[in-house]
Number of protein chains: 6
Amino acid sequence: MQLHLSTWQEVEAYLERATAIIVPIGSTEQHGPNGLIGTDAICPEVVARGVGDEEDALVGPTISVGMAQHHLAFPGSITLRPSTLIACVSDYVDSLMRHGFEGVYFLNGHGGNIATLNAAFSEIYASASLGHSSRRVRLSLTNWWDGPEVRRVSRELYSGIEGSHATPSEVSLSYYAYPDAVKSATFEPRVAPSGRFRDAEDYRRRFPDGRIGSDPSGASPQAGERLFHAAVRDVRNDYRAFAAGGR
Amino acid sequence: MQLHLSTWQEVEAYLERATAIIVPIGSTEQHGPNGLIGTDAICPEVVARGVGDEEDALVGPTISVGMAQHHLAFPGSITLRPSTLIACVSDYVDSLMRHGFEGVYFLNGHGGNIATLNAAFSEIYASASLGHSSRRVRLSLTNWWDGPEVRRVSRELYSGIEGSHATPSEVSLSYYAYPDAVKSATFEPRVAPSGRFRDAEDYRRRFPDGRIGSDPSGASPQAGERLFHAAVRDVRNDYRAFAAGGR
Amino acid sequence: MQLHLSTWQEVEAYLERATAIIVPIGSTEQHGPNGLIGTDAICPEVVARGVGDEEDALVGPTISVGMAQHHLAFPGSITLRPSTLIACVSDYVDSLMRHGFEGVYFLNGHGGNIATLNAAFSEIYASASLGHSSRRVRLSLTNWWDGPEVRRVSRELYSGIEGSHATPSEVSLSYYAYPDAVKSATFEPRVAPSGRFRDAEDYRRRFPDGRIGSDPSGASPQAGERLFHAAVRDVRNDYRAFAAGGR
Amino acid sequence: MQLHLSTWQEVEAYLERATAIIVPIGSTEQHGPNGLIGTDAICPEVVARGVGDEEDALVGPTISVGMAQHHLAFPGSITLRPSTLIACVSDYVDSLMRHGFEGVYFLNGHGGNIATLNAAFSEIYASASLGHSSRRVRLSLTNWWDGPEVRRVSRELYSGIEGSHATPSEVSLSYYAYPDAVKSATFEPRVAPSGRFRDAEDYRRRFPDGRIGSDPSGASPQAGERLFHAAVRDVRNDYRAFAAGGR
Amino acid sequence: MQLHLSTWQEVEAYLERATAIIVPIGSTEQHGPNGLIGTDAICPEVVARGVGDEEDALVGPTISVGMAQHHLAFPGSITLRPSTLIACVSDYVDSLMRHGFEGVYFLNGHGGNIATLNAAFSEIYASASLGHSSRRVRLSLTNWWDGPEVRRVSRELYSGIEGSHATPSEVSLSYYAYPDAVKSATFEPRVAPSGRFRDAEDYRRRFPDGRIGSDPSGASPQAGERLFHAAVRDVRNDYRAFAAGGR
Amino acid sequence: MQLHLSTWQEVEAYLERATAIIVPIGSTEQHGPNGLIGTDAICPEVVARGVGDEEDALVGPTISVGMAQHHLAFPGSITLRPSTLIACVSDYVDSLMRHGFEGVYFLNGHGGNIATLNAAFSEIYASASLGHSSRRVRLSLTNWWDGPEVRRVSRELYSGIEGSHATPSEVSLSYYAYPDAVKSATFEPRVAPSGRFRDAEDYRRRFPDGRIGSDPSGASPQAGERLFHAAVRDVRNDYRAFAAGGR
């Protein structure tokens, strides 16, 4: 059940049987020579919809721009500053609490969001902890790639070439979602370098084509389909535990 | 050309032939008994893509949550406070300027965004006007429903029952985009009341089912298709003038 | 009744018979070769006082600096960034609510304030809509020049040369308020160009002497007096409806 | 020379012979049984105009609402939070620097503004000190009542009954400016209590009619006239030293 | 009793017998050729501990970086912008109110903090005054050097050479606290110049070695010991009055 | 070399041979029945000083209050909201960059700070990445307990009872630093429960005495001494690599 494709009366009815909601959060940033700029938003969005369909879980609108300052030396990347993203997430959660939602489950597609999202959760919790608000909410962050099924399939398909940015797994999953957008590219070197980085200039100097540690040349919609089903299984279990209050 | 479905190298190539970008901006808010909560995001997104396909214009990620505080008494509505939306738009524009974009054309789907978006533009321009920044940018706001073609078709289809919120035209356009999401509902009264409003409680008291002045019972994907083509024609002309620097 | 010339006991007594207040809001910005920099603050202030005298309406202190970033290439113009103006208006309204005021009627003298003021209203309403506050308030924005009487007089006096900035009507009204400050100037061209603008540099390039579309050479205190009485009539009616809760 | 009654060309000419400007800053707050709520704005405004007339000094628009949280338990008082006032002052100064002003001389009418104004100055200076801006400015704060002439006249007129809030001197000066607004009241006790205070409730509990340590029953326009001339003399000397760069 | 060296159960027990807490606040900034950069934090910290030991007063963690923008042209100085310091102090106080503390007594070591701290107090009080919060708190600011005993000892030891920054008294007190950190230096001129200052460049130009008006060449741990005992006596009396609610 | 115990000339000299600085960052929060509220600030401070002494590394003032909203149901805990901590860290780094520091190495004592500190780093980097600043800096975060030597000693001493909050290792290290502050307490149950948590009420309900998963009953200064030397060894190596630009 997608919030954007529902009426308010349908949401009102949903709130009589559930108080949790899934919010996909991604990023708009370069993903190397053959990866889509929307990869990190597309992946959690498609997985969330899969889970939403199977679980009678409401899926809110995707936050498609996240914290991507380090990608800004590559054209097309867009970032929110962490302080802006904290304000956005806070307003989303406040709005949802207004309607009676008690749990907001963020399904994340971008490693660079994790720190800021956790800071946002603390900012929201601090309001109750400091006594400024009497409202309580449960917030949760899950990365679509972190469950056991996805890790198993990734390892099987891309052992040693998964890397950490512009990975063949995420590129494949985005290709499964948008098969018409499959790209071809050459990769030099085949497996990208690894390491740490700081600001955007520093990132581009270290990783000239944008990838970190990966070889996404073998990404395909078929692999993406396997990853999709694996991710839906992982996230279903995780979300069920969250919705039941166990997390 | 959609930013989310492009690689950074494709954006780099685009920037050699153009410096303008379209950013759809909508809202997540109730649209009456048969309107989708995502209506205001869906409409500019689908029109922007139509324009993007025909004009070789790059279309950025939709800002799908806008300023909707007045709808918060209806379940599912989400708002950003104006100060948060100003920060978001500012970060989008700063990111795009970083890459060499000189014009950002916001295609809007929600009347409630207009004031805050214009305030955001002033906040961004003020940085140059006060001498804090030497970077210059052109910002523009167009409502998808404001062009002559759309007005003509709306009048032809829904004269006297268009109203100003949950209009049959916007509901139709969203149905054209998502024909599987067509809803049926009863409307009492047939044409909703009109008037002004303040906060969320006040809005719901005055407009109990969420509509203002409209009768969207005759909304259909077929009408939506006509409106879609009309909107693409209107926006193409407007965007062309903007991209050429004439606006 | 002017707040600044009252004691707190007089305000306490006023609150027993009324809960609305008028707050003039203007701008400090160039108004062409013969217009005063304070024009946009002077006009609503003088009209508000006229209404206040006739209606037993309390008139608060004028916000004399508004959103004028686009005028900063002309010496003497001062702006608040939109985010600052939103904070100011919010603090004014919070203070007034503290005393039991239930309606704040902003009488505006500057087109450039409208978007930011409406954003400020939404920021204030959002506090109640999101459940952060249980206090309710009615906010209203009226431009002194928008009523039927003023429009009729302006048309009669300055048909075709009114323009949209540094208009003969506003210059005349400011001259009526400050007859010792009447200026003489030459105008080249007689009627200023029209069009849109962005930041301060852009504005000055398009409108070299600051006017937009106007010929204020015929402004006079006598014309101002007629406009003053027209504006007081317009605003009295509008304010009465507001104070009665009808708006 | 008043900024609000000048044209931009007059300001342009002024900037060829001077780079300093006077900005009156006051407050909107209760001033006891016979004091005007606008006292703290009226006093520096009238003195600044006196100085401006005699010294060819430009006088900017009065900031008429300041930091007055402690007066909010008395109807009609309005405050800006310190953070808002810092943002306002910062925007004023940034705007003035844009035009080439190098010195901004704040003439203050309210003790409660002093801490926040000094904090605002530090916030502005910090921008240069931290290397965020290369622009330099000189900022100064003078209280209209602090010069030797005013102190001498106050002592002569109101020795032992001046107190520290709603003083006979400030009430007199406001009466001189607005003789039609003279109020009569009874005072019980004749001389108000003195002491410290915290928030608004605390203030009203300690000082039930709003005065601190004063007996303003003998305030008069005639006394105000003497204080006016004394203040103009004090501030002229102080401003001259500032404008000459000596402060 | 030091908060940092206590358990939460010990604080819980303390709150049964007292509701006030001392928070030392200092600065990290140059203190001339022989003064320590931490002088302004060290001094109130050591005095607060002395008072805490003798009075059964709880001493919170020292805020060791304050408002020091004017010292940034000297290596090692660190500042918070006033707006940041206001936020910090506000969070400290909110946290302490959460536990039932009703009085927070800031013991200050840096003149440059005074304005911003008072602004922070007003920001905190404004929350109650505007009706945003029902919680009440008493806030107080005392400079360790302002009591009669310290003034007497300083005058006796350093009459005419105390100055206002990098004073022999504060240097001595810091030497008493950290005798291993005593520095030797030459001073040219012996007594530093005096005067006002603005931003960091301005400060360094006027006061090339960082001192203002002082000759700290005779600073010693022995003098510091006398000042320590004097300060503890002064602050004990002042804190007792505060804790008893008399201030 | 401690910044607080140095003169500005000594820092000036340091900057000729090095451009990195260590900044300890901790928290002020409950640490169970026998742990000190200052544990998380004390531990990185004492380790940083050890490293500073051995490596000629400059150690800045400890940030002793961090992000601890989840501990606020235990008396004495103090938090900064994430947005405040981001502003503080940003001001520290801006100040240090002003002097020519190119690398700031945060030595952390509190797991709850990690997300917010990383968000702060992104906020600072974003300024360069978005083109708002041309200044570059290297920022690094190291937890004192994360190195191989500390992990080896902890495992040897407290295998299976280390837990994740109020651990015997951190309590021991704080006892080594402040042997006079050793506490005795009873623990029921001996090993505290484990799990996740949200806001302060939630935390206290799950972990009634404040510990998570630990049995700190065997903490001792002697164990702390071993951990101290282990941590200094770990951090020295890590800092050396950072200072050399390798991280």
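Our subject is the structure listed above.
The shown structure was predicted, so the numbers you read here are calculated from the model rather than taken from an experiment.

Peer 1: Got a sec to walk through the overall build of chain A? Specific residues and values, please.
Peer 2: A tally of regular secondary structure across chain A gives 8 helices and 4 strands. Counted from the first residue to the last, chain A has its helices and strands arranged as α-β-α-β-α-β-α-β-α-α-α-α. Since a compact globule built from 247 residues should have a radius of gyration of about 18 Å, the 18 Å found for chain A is in line with a globular shape. In terms of overall dimensions, chain A has a C-alpha envelope of 55 × 35 × 30 Å along the principal axes.

Peer 1: Provide a residue-level description of the environment of Leu58(B), including the pertinent values.
Peer 2: Residue and element names in this part refer to chain B. By secondary structure assignment, the location of Leu58 is in strand E2 (residues 58–59). Residue classification places Leu58 among the buried residues on the basis of a relative accessible area of 0%. Leu58 sits 56 residues away from Gln2 along the chain, and the two C-alpha atoms are 5.7 Å apart. In this structure Leu58 touches Met1, Gln2, Leu3, Ser6, Val11, Tyr14, Ile21, Ile22 and Phe101, once residues within four positions along its chain are discounted.

Peer 1: Can you lay out unusual backbone geometry for me, pointing to particular residues and giving the numbers?
Peer 2: Both trends apply: most residues other than glycine have a negative phi, and most peptide bonds are in trans. The omega torsion across Glu188(B) and Pro189(B) is 5°, close enough to zero to call that bond cis. For Pro189(B), the location among the structural elements is in the loop between helix H6 (168–177) and helix H7 (200–206). Residue Asp56(A) is not a glycine yet carries a positive backbone phi of 50°. Of note, Asp56(A) is situated in the loop between helix H2 (39–55) and strand E2 (58–59).

Peer 1: Explain the pattern of salt bridges to me, and be specific about the residues and the numbers.
Peer 2: Using the criterion set out here, one finds 108 salt bridges over all chains in the structure. With a closest N to O distance of 2.8 Å, Asp209(A) and Arg211(A) form a salt bridge. Take Asp209(A) and Arg211(A): they sit in the same class, and that class is buried. Here Asp202(E) ties to Arg205(E) by a salt bridge, and the two come within 2.8 Å at their closest N and O atoms. Of this pair, Asp202(E) and Arg205(E) both sit in helix H7 (residues 200–206), 3 residues apart, which is roughly one turn of that helix. With a relative accessible area of 4%, Asp202(E) lands in the buried category. In the salt-bridge network here, residues are joined through shared partners; they are Glu149(A), Arg152(A), Glu156(A), Arg226(A) and Arg233(A).

Peer 1: How would you explain the relation of the copies chain A and chain B if you had to name every residue and give the values?
Peer 2: In screw terms, the move from chain A to chain B is a rotation of 180° and a rise of 0.0 Å along the axis, fitting with an RMSD of 0.0 Å. Such values leave the two copies arranged in the relation of a two-fold axis. Scanning chain A for the C-alpha nearest the rotation axis identifies Thr84(A), at a separation of 3.5 Å. When the interface residues of chain A are mapped onto chain B, 100% of them again fall at the interface, so both copies present the same face.

Peer 1: I'd love a proper account of the relation of the copies chain B and chain D, names of residues and values included.
Peer 2: In the superposition of chain B on chain D (RMSD 0.0 Å, axial shift 0.0 Å), the rotation amounts to 120°. When the rotation and shift are considered jointly, the pair of chain copies conforms to a three-fold rotation axis. By C-alpha distance to the rotation axis, the residue of chain B lying nearest is His132(B), at 5.3 Å.

Peer 1: Could you give an account of the interface of chain A and chain B, naming the residues involved and the relevant values?
Peer 2: Between chain A and chain B, the contact holds 54 residues from the first and 54 residues from the second. Looking at the side of chain A facing chain B, the largest losses of area belong to His4(A), Leu5(A) and Trp8(A), adding up to 18% of the total buried there. Between the two partners, chain A and chain B, sit 6 salt bridges. A salt bridge links Glu201(B) to Arg98(A); its shortest N-O distance comes to 3.0 Å.

Peer 1: Lay out the environment of Arg236(D) with the relevant residues and their values.
Peer 2: Residue and element names in this part refer to chain D. With respect to the element layout, Arg236 can be found in helix H8 (residues 221–243). Here the alpha-carbon distance between Arg236 and Gly50, two residues 186 residues apart in the chain, equals 9.0 Å. Those residues in contact with Arg236, other than ones at most four positions away along the chain, are Val51, Glu54 and Glu55. A polar side-chain atom of Arg236 sits 2.3 Å from a polar atom in the side chain of Glu54.

Peer 1: Break down the packing of helix H3 (residues 82–99) of chain C against helix H3 (residues 82–99) of chain D for me, citing the residues and quoting the values.
Peer 2: Any two packed helices are characterised by how steeply their axes cross, that is the angle between the axes, and by the distance between the axes. Packing of H3(C) against H3(D) brings their axes to within 9 Å, and their N-to-C directions diverge by 135°. Relative to H3(D), H3(C) is oriented oblique. At the point where H3(C) passes H3(D), the crossing takes the left-handed sense. On H3(D), the residues touching Thr84(C), Ala87(C), Cys88(C) and Asp91(C) of H3(C) are Thr84(D), Ala87(D), Cys88(D) and Asp91(D). Partitioning the contact of H3(C) with H3(D) into residue classes produces 4 nonpolar, 2 polar and 2 charged.

Peer 1: Account for helix H5 (residues 148–158) of chain A, naming residues and giving values.
Peer 2: Residue and element names in this part refer to chain A. The complete set of buried residues in H5 reads Val150, Val153, Ser154 and Tyr158. Looking straight down H5, one finds that the buried residues subtend no more than 100° of arc, so they occupy a single side. In this structure, H5 carries Pro148, Arg155 and Glu156 as exposed residues pointing more than 90 degrees from its buried face. At its buried positions, H5 is contacted by helix H6 (168–177) and helix H8 (221–243). Among the residues trailing H5, Gly160 stands out with phi positive, at a value near 85°.

Peer 1: Account for the packing of aromatic side chains, naming residues and giving values.
Peer 2: Scanning the model with the defined rule gives 70 aromatic pairs over all chains in all. For the ring pair Tyr105(D) and Phe242(D), a centre distance of 5.5 Å and an interplane angle of 50° mean the geometry is tilted. One end of the pair, Tyr105(D), is in strand E3 (residues 103–108); the other, Phe242(D), is in helix H8, with 137 residues separating them in the sequence. Taking relative accessible area as the criterion, Phe242(D) reaches 0% and is therefore assigned buried. The ring of Phe242(F) is capped by Arg138(F), whose NZ or CZ atom sits 4.5 Å from the centre of that ring.

Peer 1: Any chance you could break down the interface of chain B and chain D for me, citing the residues and the numbers?
Peer 2: In this assembly, 4 residues from chain B lie in contact with 4 residues from chain D. For the pair chain B and chain D, the two sides together bury roughly 330 Å², of which 41% comes from carbon and sulfur. It is Ser129(B), Leu130(B) and His132(B) that lose the most area in chain B upon contact with chain D, and together they represent 90% of the buried surface on that side. Counting the contacts that link chain B with chain D gives 0 salt bridges.

Peer 1: Tell me about the pairing of strand E4 (residues 138–143) of chain B, and please be specific about residues and values.
Peer 2: All names here are of chain B. Here E4 lies mainly inside the structure; 6 of its 6 residues are buried. Burial of the side chains of E4 extends over both faces: Arg138, Ser140 and Thr142 are buried on one face and Leu139, Leu141 and Asn143 on the other. The sheet contact formed by strand E3 (residues 103–108) and E4 spans 6 bridges and is parallel. Bridging across to E4, Tyr105 finds its partner in Ser140.

Peer 1: Give me the lowdown on the environment of Val137(B), citing residues and values where you can.
Peer 2: Considering the arrangement of structural elements, one finds Val137(B) in the loop between helix H4 (114–129) and E4. A residue is classified by how much of its surface remains accessible, and Val137(B), at 9% relative accessible area, is buried. Separated by 102 residues in sequence, Val137(B) and Gly35(B) have C-alpha atoms that sit 36 Å apart. Leave out the neighbours within four places in its chain, and Val137(B) touches Val93(B), Met97(B), Glu102(B), Val104(B), Ile124(B), Tyr125(B) and Arg198(C).

Peer 1: How would you sum up the sheet that holds strand E4 (residues 138–143) of chain D? Please name residues and give values.
Peer 2: Residue and element names in this part refer to chain D. One open sheet holds the 4 strands; their spatial order is E2-E1-E3-E4, and the pairing between them is parallel. Each having just a single partner strand, strand E2 (58–59) and E4 make up the two edges of the open sheet. Here helix H2 (residues 39–55) sits on the sheet in contact with strand E1 (20–25), E2 and E3, set at roughly 155° to E1.

Peer 1: I'd like to hear about the packing of helix H5 (residues 148–158) of chain C against helix H8 (residues 221–243) of chain C, residue by residue, with values.
Peer 2: All names here are of chain C. Where H5 meets H8, the axes come as close as 7 Å, and the angle between the chain directions of the two elements is 160°. Taken together, the axis directions place H5 and H8 in an arrangement best described as roughly antiparallel. For the pair H5 and H8, the sense of crossing is right-handed. Packed against H5, whose contacting residues are Pro148, Glu149, Val150, Arg152, Val153, Ser154, Glu156, Leu157 and Tyr158, the element H8 presents Ala223, Arg226, Leu227, Ala230, Ala231, Arg233 and Asp234 at the interface. Of the residues that constitute the contact of H5 with H8, the class distribution is 9 nonpolar, 1 polar and 6 charged.

Peer 1: Could you give an account of the sheet that holds strand E1 (residues 20–25) of chain F, naming the residues involved and the relevant values?
Peer 2: Residues and elements named next belong to chain F. What the 4 strands build is an open sheet, ordered E2-E1-E3-E4; its pairing is parallel. For this open sheet the edge positions go to strand E2 (58–59) and strand E4 (138–143), each flanked by a neighbour on one side alone. As paired elements, E1 and E2 share 2 bridges and run parallel to each other. Residue pairing for E2: Ile22 is matched across the bridge by Val59. Across the sheet, helix H4 (residues 114–129) lies against E1, strand E3 (103–108) and E4, angled at about 175° from E4, the strand it touches most.

So, how was this worked out
- Residues numbered from 1 in each chain as written.
- Chains lettered and ligands numbered in written order.
- Predicted model: local features only at pLDDT ≥ 70, side-chain atom pairs only at ≥ 80, totals over all residues.
- Heavy atoms only, no water.
- Helix = DSSP H or I, 4+ residues; strand = E, 2+ residues; numbered from the N terminus.
- Rg over C-alpha atoms; globule rule 2.2 N^0.38 Å.
- Buried < 20%, exposed > 50% of the residue type's maximum accessible area, 1.4 Å probe, protein only.
- Contact = heavy atoms within 4.5 Å.
- Salt bridge = Lys/Arg side-chain N within 4 Å of Asp/Glu carboxyl O.
- Least-squares fit on C-alpha atoms with pLDDT ≥ 70 in both.
- Buried area = accessible area lost by both parts, 1.4 Å probe.
- Polar contact = N/O pair within 3.5 Å; in protein donor to acceptor, adjacent residues only side chain to side chain.
- Axes fitted to C-alpha atoms, helices over the stretch in contact; angles between N-to-C directions.
- Parallel < 35°, antiparallel > 145°, perpendicular 65-115°, else oblique.
- Left-handed = near helix turned anticlockwise from the far one by under 90°.
- Nonpolar A, V, L, I, M, F, W, Y, C, P; charged D, E, K, R; others polar.
- Arc of directions from axis to C-beta.
- Phe/Tyr/Trp six-rings, centres within 6.5 Å; stacked < 30°, edge-to-face > 60°.
- Lys NZ or Arg CZ within 6 Å of the ring centre and 35° of its normal.
- Pairing = 2+ DSSP bridges.

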